[in-house]
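Residue strings, one per chain:
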Amino acid sequence: MSAIRPLTSSPESEIELLTQAQQLAGYTLGELALLAGLPIPRDLKRDKGWTGLLLEQWLGASAGSKPEQDFAALGVELKTIPIDSAGRPLETTFVCVAPLTGNTGVVWETSHVRHKLRRVLWIPIEGSRDIPLAGRRVGSPLLWSPDEEEETQLRMDWEELMDLIVLGQVERITARHGEVLQLRPKAANSKALTEAVGTHGEPILTLPRGFYLKKNFTGALLARHFLVPGE
DNA sequence: TTCTGATCATTA
DNA sequence: TAATGATCAGAA
């Protein structure tokens, strides 16, 4: 019997990472915050990224705002995902910012979306707002890579959205585009603007956008993992 | 009740 | 401003 403790350096293998993640399953966010010496906010209204940062610390992710995978040496991205009592996602999952300029000739194979999602460590976490933040439990982790079907779904949506961006239609894109991947604002507020391409190829200013995984997609991949007998 | 558009904190 | 970490909250 040994106490759990945060990894102080980056894990050197997927096994080490997954093992540590499995150790955290069942603990509450309050317990993990206390053991890590982090203050617990009352709720997430002004600390939306708190859970993600807490788990980063426990798993030895390279902290900070580097445009890299969380575990660069392993090629693994960490994602916490809030779930309801039935294990279904409560929120969409942010993937990365969408490039709105300089996209002539871009292809799926070298896209940021594909790179980010190549290998993901999913950590489900109880997210219902009627559970106090400190009482929310961490679930069993899932180390995932998209299968052929998932990759096809992602590529189709990505190509549709990127086509619209390249053609100057970014402001006509809504969250309803895409079956599993959607484009939505990703900004401090509605006044934060970035450069994009207009209808006639001219530069325009518009809201920064991000790619998000829709709940049907993440819900299915979690369900596939947790419903398979013998796993 | 769900979903889309908007928003919050922090670090370069 | 843009990148990281995401959830909020009003409209549908």
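Residues numbered from 1 in each chain as written. Chains lettered and ligands numbered in written order. Predicted model: local features only at pLDDT ≥ 70, side-chain atom pairs only at ≥ 80, totals over all residues. Heavy atoms only, no water.

### Details of the nonpolar core
Counted only if it meets this: What makes a nonpolar core is a set of buried Ala, Val, Leu, Ile, Met, Phe, Trp, Tyr and Cys residues whose side-chain atoms join them at distances within 4.5 Å. Any residue under 20% of the maximum accessible area for its type is buried, any over 50% is exposed, and the rest in between are partly exposed; the area is computed with a 1.4 Å probe on protein chains only. The numbering of helices and of strands both runs from the N terminus, where a helix is a DSSP run of H or I of at least 4 residues and a strand a run of E of at least 2.
Core analysis: the biggest nonpolar cluster contains 30 residues, and Val113, Trp122, Leu181 and Phe211 have the highest contact counts within it. Looking at which element gives the most residues to this core, the answer is helix H5 (residues 148-166), with five residues. Judged by nonpolar contacts, the second largest core, of 24 residues, contains Leu32, Ala33, Ala36 and Leu55.

### Some remarks on the protein's contact with DNA strand B
The line we're drawing: When we say a residue is near a molecule or strand, we mean one of its heavy atoms is within 4 Å of it. Pairs of N or O atoms within 3.5 Å make up the polar contacts considered here, provided that, within protein, one atom can donate a hydrogen while the other can accept it, and that residues adjacent in sequence are counted only when both atoms are side-chain atoms. Gly is put with the polar residues, along with every residue not named as nonpolar or charged; the nonpolar set is Ala, Val, Leu, Ile, Met, Phe, Trp, Tyr, Cys and Pro, and the charged set is Asp, Glu, Lys and Arg.
Around DNA strand B, the surrounding shell holds 17 residues, and the nearest of these are Arg46, Lys48, Ala175, Ala187 and Ser190. Each atom of DNA strand B within 4 Å of the protein was assigned to sugar, phosphate or base; sugar and phosphate come to 59%. At 3.0 Å, a side-chain N or O of arginine 176 approaches a phosphate oxygen of DNA strand B. The biggest single contributor to the surface near DNA strand B is strand S5 (residues 181-185), with three residues. A breakdown of the residues in the surface near DNA strand B according to their chemical character gives five nonpolar, five polar and seven charged.

### Observations concerning the pattern of salt bridges
Basically, it comes down to this: Any carboxyl oxygen of Asp or Glu within 4 Å of a side-chain nitrogen of Lys or Arg constitutes a salt bridge here.
Taken as a whole, this structure holds nine salt bridges when the rule is applied. Here lysine 116 ties to glutamate 77 by a salt bridge, and the two come within 3.7 Å at their closest N and O atoms. With lysine 116 in helix H4 (residues 112-117) and glutamate 77 in strand S1 (residues 77-83), this pair connects stretches of sequence that are 39 residues apart. Among the residues examined, lysine 116 registers a relative accessible area of 19% and is labelled buried. With a shortest N-O distance of 2.6 Å, aspartate 147 and arginine 224 are connected by a salt bridge. Here the residue aspartate 147 occupies a position in the loop between strand S4 (142-144) and H5, and arginine 224 occupies one in helix H6 (residues 215-227), the gap between them amounting to 77 residues. Aspartate 147 sits in the partly exposed class, given a relative accessible area of 30%. Several salt bridges converge on common partners, so that one network encompasses Glu77, Lys79 and Lys116.

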